[in-house]
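# Breakdown of the fold
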Amino acid sequence: MSAIADILAEHNGQEGPLLPILHDVQKTFGYVSEDAMREIANALNLTRAEVYGVVSFYHDFRKEAEARPVLKLCRAEACKARGVEALIPLTEGQSRVKVEPVYCLGLCAVGPAAMAGEQVYARLDTRRLGALLDSL
Amino acid sequence: MRVRISDDAVAVACGADDVAAAFANAGIDVERVSSWGMHWLEPLVDIDGIGYGPIAADDVPSIIAGKGQSIGRIADHPFIARQNRLTFIRAGKTRPISLYDYYANQGWLGLAKAREIGAEATIAAVLASGLRGRGGAGFPAGIKWKTVAGAIAAQKYVVCNADEGDSATFADRMVMEGDPFMMIEGMAIAGLAVGASKGYIYIRSEYPRAIAKMQAAISASAHLVAPFDLEVRVGAGAYVCGEETSLLNSLEGKRGEVRAKPPLPAIEGLFGKPTIVNNVLTLAAVPWILANGGEAYAAYGMGRSTGTMPVQLAGNIKHGGLFEVAFGITLDELVHDIGGGTDSGRPVRCVQVGGPLGAYIPPSQFDLPFDYEAFAAADALIGHAGITVFDDTVDMAQMARFAMEFCAIESCGKCTPCRLGSTRGVETLEQIIAGKNVAKNLELIADLSETMKFGSLCALGGFTPYPVMSAIRHFPEDFQ
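Residues numbered from 1 in each chain as written. Chains lettered and ligands numbered in written order. Predicted model: local features only at pLDDT ≥ 70, side-chain atom pairs only at ≥ 80, totals over all residues.

### Here's the deal with the overall build of chain A
Within chain A, the secondary structure is distributed over seven helices and four strands. Listing the helices and strands of chain A from first to last along the sequence gives α-α-α-α-β-α-α-β-β-β-α. Taken against the 2.2 N^0.38 rule, which gives 14 Å for 136 residues, the C-alpha radius of gyration of chain A at 18 Å runs more than 25% over that of a compact globule. Based on the C-alpha atoms only, the size of chain A along its principal axes is roughly 50 × 25 × 25 Å. Of all 136 residues assigned to chain A, the portion counted as buried reaches 38%. If you take every contact in chain A between residues at least 6 apart in sequence, the share linking residues at least 24 apart comes to 59%. (Helix = DSSP H or I, 4+ residues; strand = E, 2+ residues; numbered from the N terminus. Rg over C-alpha atoms; globule rule 2.2 N^0.38 Å. Buried ≥ 20, exposed ≤ 12 C-beta atoms within 10 Å, placed from the backbone. Contact = placed C-beta atoms within 7 Å.)

### Side note on the interface of chain A and chain B
Facing 34 residues of chain A, the contacting portion of chain B comprises 49 residues. Breaking the side of chain A that touches chain B down by element, the ones donating at least two residues are helix 2 (18-29), helix 4 (48-57), helix 5 (77-81) and strand 4 (119-121) of chain A. With four residues, the top contributor of residues to the side of chain A that touches chain B is helix 2 of chain A. Per-class residue counts for the side of chain A that touches chain B are 23 nonpolar, five polar and six charged. (Nonpolar A, V, L, I, M, F, W, Y, C, P; charged D, E, K, R; others polar.)

### Section: unusual backbone geometry
Residues and elements named next belong to chain B. Omega for the peptide link from Glu 42 to Pro 43 comes to -5°, which places this bond in the cis form. Relative to the elements of secondary structure, Pro 43 occurs in the loop between strand 2 (30-33) and strand 3 (45-47). In this structure, Pro 227 follows Ala 226 across a cis peptide bond, with omega equal to 10°. At Asp 48, a residue that is not glycine, the phi angle is positive and equals roughly 50°.

### Description of the sheet that holds strand 5 (residues 72-73) of chain B
A sheet is described by the order of its strands in space; here five strands give the open sequence 2-1-3-4-5 (chain B), paired in mixed fashion. Among the strands making up the open sheet, the edge pair consists of strand 2 and strand 5 of chain B. (Pairing = 2+ DSSP bridges.)

### Here we look at the nonpolar core
The biggest cluster of nonpolar side chains holds 201 residues, and the ones touching the most others in it are Leu 107 and Ala 113 of chain A together with Ala 13 of chain B. Top contributing element to this core by residue count: helix 9 (residues 180-194) of chain B, with eleven residues. (Core = buried A, V, L, I, M, F, W, Y, C linked by C-beta atoms within 7 Å.)

### Re the packing of helix 6 (residues 109-129) of chain B against helix 7 (residues 141-150) of chain B
Residues and elements named next belong to chain B. The contact between helix 6 and helix 7 brings their axes to 7 Å, and the two run at 155°. Between helix 6 and helix 7, the angle falls in the class roughly antiparallel. Judged by the twist between their axes, the crossing of helix 6 over helix 7 is left-handed. Contact residues: helix 6 offers Ala 119, Ile 123, Val 126 and Leu 127, while helix 7 offers Ala 141, Gly 142, Trp 145, Lys 146 and Ala 149. When grouped by side-chain class, the residues that make up the contact of helix 6 with helix 7 number seven nonpolar, one polar and one charged. (Axes fitted to C-alpha atoms, helices over the stretch in contact; angles between N-to-C directions. Parallel < 35°, antiparallel > 145°, perpendicular 65-115°, else oblique. Left-handed = near helix turned anticlockwise from the far one by under 90°.)

### Here's the deal with the pairing of strand 6 (residues 157-162) of chain B
All names here are of chain B. Counting buried positions along strand 6 yields six of six residues, so the element is predominantly enclosed. Residues of strand 6 alternate between two faces, with Tyr 157, Val 159 and Asn 161 on one and Val 158, Cys 160 and Ala 162 on the opposite face, all of them buried. With six bridges joining them, strand 6 and strand 7 (residues 198-203) adopt parallel strand pairing. What sits directly across from Ala 162, in strand 7, is Ile 203. When strand 6 meets strand 9 (residues 275-279), the two strands line up parallel, connected through five bridges. What sits directly across from Tyr 157, in strand 9, is Thr 275.

### Brief notes about the packing of helix 18 (residues 438-455) of chain B against helix 20 (residues 465-474) of chain B
A pair of packed helices is captured by two measures, namely the crossing angle of their axes and the spacing between those axes. Residue and element names in this part refer to chain B. Direction vectors running N to C along helix 18 and helix 20 enclose 150°, while the axes themselves pass 10 Å from each other. As the angle between them shows, helix 18 and helix 20 are arranged roughly antiparallel. Where helix 18 crosses over helix 20, the handedness of that crossing is left-handed. Packed against helix 18, whose contacting residues are Leu 442, Ile 445, Ala 446, Ser 449, Met 452 and Lys 453, the element helix 20 presents Pro 465, Val 468, Met 469 and Ile 472 at the interface.

### Comments concerning helix 1 (residues 3-10) of chain A
All names here are of chain A. Within helix 1, the full set of buried residues consists of Ile 4, Ile 7 and Leu 8. Down the axis, helix 1 shows its buried residues gathered within 100° of arc, on one side only. The exposed residues of helix 1 that point more than 90 degrees off its buried face are Ala 3, Ala 5, Asp 6 and Ala 9. Buried residues along helix 1 sit against helix 2 and helix 3 (34-44). (Arc of directions from axis to C-beta.)

Have a look at this one:
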């Protein structure tokens, strides 16, 4: 059985299983490939267009692999009020880490805040963000 | 000595794990507990009730030697002593996944009461409390419950909206990370009241720690809430899924597009079945209400805004964190007396209340009491009660532009005013910022805002005009 078939089997019988399946596929492979979408569509009796529509709707799902480490930097209002915009030139001055915007990590009194994987970071300034980027 | 350090995401993001490790290396046991909510002091170390913070791992040896600078008894700190903690009654005091701690601190009393008095009296208690939906809309929870209870169906659902996407809000996250059994108890009570056997908690993917803790707590307490069955579902980075009908579509495995109402979810909700959709804070308030009575809860607050609100002080504020207080407190008290003004030390220029869809409010209106009706009368929203403070370096034209940009990024695309209006809004505000046809473009923005406000299907397109128009109204000098 393929890895995707294993994932599909785990969700057999679950109500509304598409998002949990997509999360598991992305966790396993790092992205949701066209082949994966086809296999999921077959298993759930959906059209490929329906599955593609869901994958493309949500910001979390990637349709291609991302080789670089990813840092999600909060650009929402509370982090703006605490100076995140002044840190942007630092992130744009490098390309080793993919820095993506995220809108709120719920760390709004200790921003600017960021997340890499499941690890969270707060009180970022130029020095701390620079060290964080180097460490990823 | 009894050492406690929070394992809440704020504490961890500020270095709490390193501090805890430094104590452990010195041979001292550390209890990882929920956060008191004084975020400017995190990592906060609690030694026999005395607080030290913010602490770095390097400070640990001097604290162990008794030479640390303390903030005194934490429970007596003015930030804590001035609160009315009903929902956050256990904050800072219990280990989140410890059933023992939860039992020992008034846990499960509400569910026991609900089982004793039955469904009808449980709904009566929630109605008597005057509890209104804490997600933003402020709809009376008891009426929603009564509608679902009265609907006839073989299957009903309780859905907890934990898609806390508004900037400046973190109370839901703190409940789920700090006191997950309270959420479970609230949902089990809701299930009993309306006759639902299944509950879903839809948590945003940006909250991995909350997801892990809720899942652990559900496993640990399944036998206590059976036959009620709970499951965590994880969002996928779409802000609009905080809107209840969009959330239901997402739970069903579809694109998170908004549904037209009616039918209300209470009649036709998840998979077409009668469904309660309540915010985390709404459900988390229920155990206290059942244990202490609806009238006791209604004794707090003002007018039709009864009970307490976990206010979240955020952004450029000196003393930021979680401040649960009875409705009626003014913005001035919250921002200056309690929050201590800006963290930067510069003057406060404005606050935004209610997240990215909330109005910007200037200091001249800080006498506004925290009350749903008073805010509505001032063309503002309480929303999920997040307050973002800005100092005088903020450019309000940029903030207005960002409000439109955020709407464009997060629009589900279902209705035209939101999908197209937000993008046209960004372009028009960029023209204004560039100084092109300013008067005419400001007229266009006002007109566009009207269209979005009255023509959008949900609050995303419908409320984006609040931050935009309030910025223009109160800070016209930034748009010239």
